[in-house]
Amino acid sequence: MKDNVVTVEFIAIAENERFARMVAAAFVVPFDPTVEEITEIKTAVSEAVSNSVIHAYNSSGEGTIKLEMRSTEKGTITIIVEDYGIGIDDIEAARAPMFTTSALEERSGMGFTIMESFTDKLIVESEKEKGTRVTLVKMLDISCGL
Amino acid sequence: MQIEFEMSDDIITAILTGELDHHSALSIREDIDHAMQVYRAKNLILDFSSVSFADSSGIGMIMGRYKKVKEKDGCMMLCGCSVYMKRIFEMAGIFTIIEETEERGEAMRQLKERGEENER
């Protein structure tokens, strides 16, 4: 299988959280992933996109989110969720379990913890008033299919 | 996501179907709070057996309902969580404060037992 890249851009509304994780699941289907791998990818993407919708754009429904998906023939999937919102003040604090800036709205503060646990690598880059870029790397176990 | 309610004594069961994310959690929590108010229910069972997807929004939704149930001295239980949901919920320590069963009938039985104990 050749290396592949698919990029999708959509407006930052909550309805698109589902769309984003469906697209990510569809992107990895050619690798014949396990149900567990698909669930982990869908969950991690859902967390990243929800963060952008809620925090980057303050649930305003304005702004866009870019979803870039890359795959290598060895089954390494890299998914980048990028927004152009307010950015994160303190990335280290944001990544800590139970951290949330909006406690009144029933947020769990577990988004980054789940992303970290469901992927092989998580990179968070952010610049104030410029935006945030979350990179999720997942190595699919494709050896059994070859 | 769809939601159905079943009432038995002072226990309301919310049967959730579909995908639970930030978007669907917004309306689901309002529906549950409204139903608990209308039926004057004290205890709550959340049935996840027909939920095909859940992310951390599920945690917030559960914890929010737990607080409301506790305010009325009620009890809350979860049932039918898939292995993936359990992984997420465990990360947040949900099962250390809210009990969970496989079957809805078992959750109902346990809640009724507790109610009888309290009356004694």
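Here, the structure is the one placed above.
Presented here is a report on the structure given in the accompanying data block. (Residues numbered from 1 in each chain as written. Chains lettered and ligands numbered in written order. Predicted model: local features only at pLDDT ≥ 70, side-chain atom pairs only at ≥ 80, totals over all residues. Heavy atoms only, no water.)

**Here's the deal with the overall build of chain A**
Along chain A, the regular secondary structure elements total four helices and five strands. In terms of overall dimensions, chain A is globule-like: its C-alpha atoms have a radius of gyration of 15 Å, near the 15 Å expected for 146 residues. Considered along the principal axes of its C-alpha atoms, chain A spans approximately 50 × 30 × 25 Å. Within chain A, buried positions represent 51% of all 146 residues. Considering only contacts within chain A whose residues lie at least 6 apart along the sequence, 64% involve residues at least 24 apart. Entry remark: accessible area of chain A is about 7,300 Å², with carbon and sulfur atoms responsible for 53%. Here chain A contributes 14 positive and 25 negative side-chain charges, whose respective centroids are spaced 4 Å apart. (Helix = DSSP H or I, 4+ residues; strand = E, 2+ residues; numbered from the N terminus. Rg over C-alpha atoms; globule rule 2.2 N^0.38 Å. Buried < 20%, exposed > 50% of the residue type's maximum accessible area, 1.4 Å probe, protein only. Contact = heavy atoms within 4.5 Å. Areas by Shrake-Rupley, 256 points an atom, 1.4 Å probe, with all protein chains shown as cover. Lys, Arg positive; Asp, Glu negative; His and termini not counted. Charge placed at Lys NZ, Arg CZ, Asp CG, Glu CD.)

**What to know about the interface of chain B and chain A**
In this complex, chain B contributes 19 residues to the contact, which on the side of chain A involves 28 residues. At the boundary of chain B with chain A, total buried surface from both sides reaches about 2,000 Å², with 55% on carbon and sulfur atoms. Among the residues of chain B in contact with chain A, His22, Tyr84 and Met91 of chain B are the three that bury the most area, contributing 29% of the side total. Two residues, Arg65 of chain B and Glu106 of chain A, come together in a salt bridge whose shortest N-O distance is 2.9 Å. (Buried area = accessible area lost by both parts, 1.4 Å probe. Salt bridge = Lys/Arg side-chain N within 4 Å of Asp/Glu carboxyl O.)

**Here we look at helix α2 (residues 57–71) of chain B**
Between its first and last C-alpha atoms α2 of chain B spans 22 Å; for 15 residues at 1.5 Å apiece the expected length is 21 Å, and the two agree. Along α2 of chain B, the positions that sit buried rather than exposed are Ser57, Gly58, Ile59, Gly60, Met61, Ile62, Gly64, Arg65, Tyr66 and Val69 of chain B. Each element contacted by the buried residues of α2 of chain B is listed here: α4 (111–118) of chain A together with β2 (11–20), α1 (22–38), β3 (43–54), β4 (76–79) and α3 (83–91) of chain B. Looking at the residues trailing α2 of chain B, positive phi occurs at Asp73 of chain B, about 60°. (Expected span 1.5 Å × (residues − 1).)

**Re the sheet that holds strand β5 (residues 131–139) of chain A**
All names here are of chain A. One open sheet accounts for five strands, arranged β1-β2-β3-β5-β4; its pairing is antiparallel. Only two strands of the sheet have a single partner each, and these edge strands are β1 (4–11) and β4 (121–127). Between one strand and the next, the sheet's axes are offset by a mean angle of 10°, whatever the strand orientation. Both β4 and β5 contribute to a ladder of seven bridges, which runs antiparallel. Across the sheet, residue Val124 finds its bridge partner in β5, namely Val134. (Pairing = 2+ DSSP bridges. Axes fitted to C-alpha atoms, helices over the stretch in contact; angles between N-to-C directions.)

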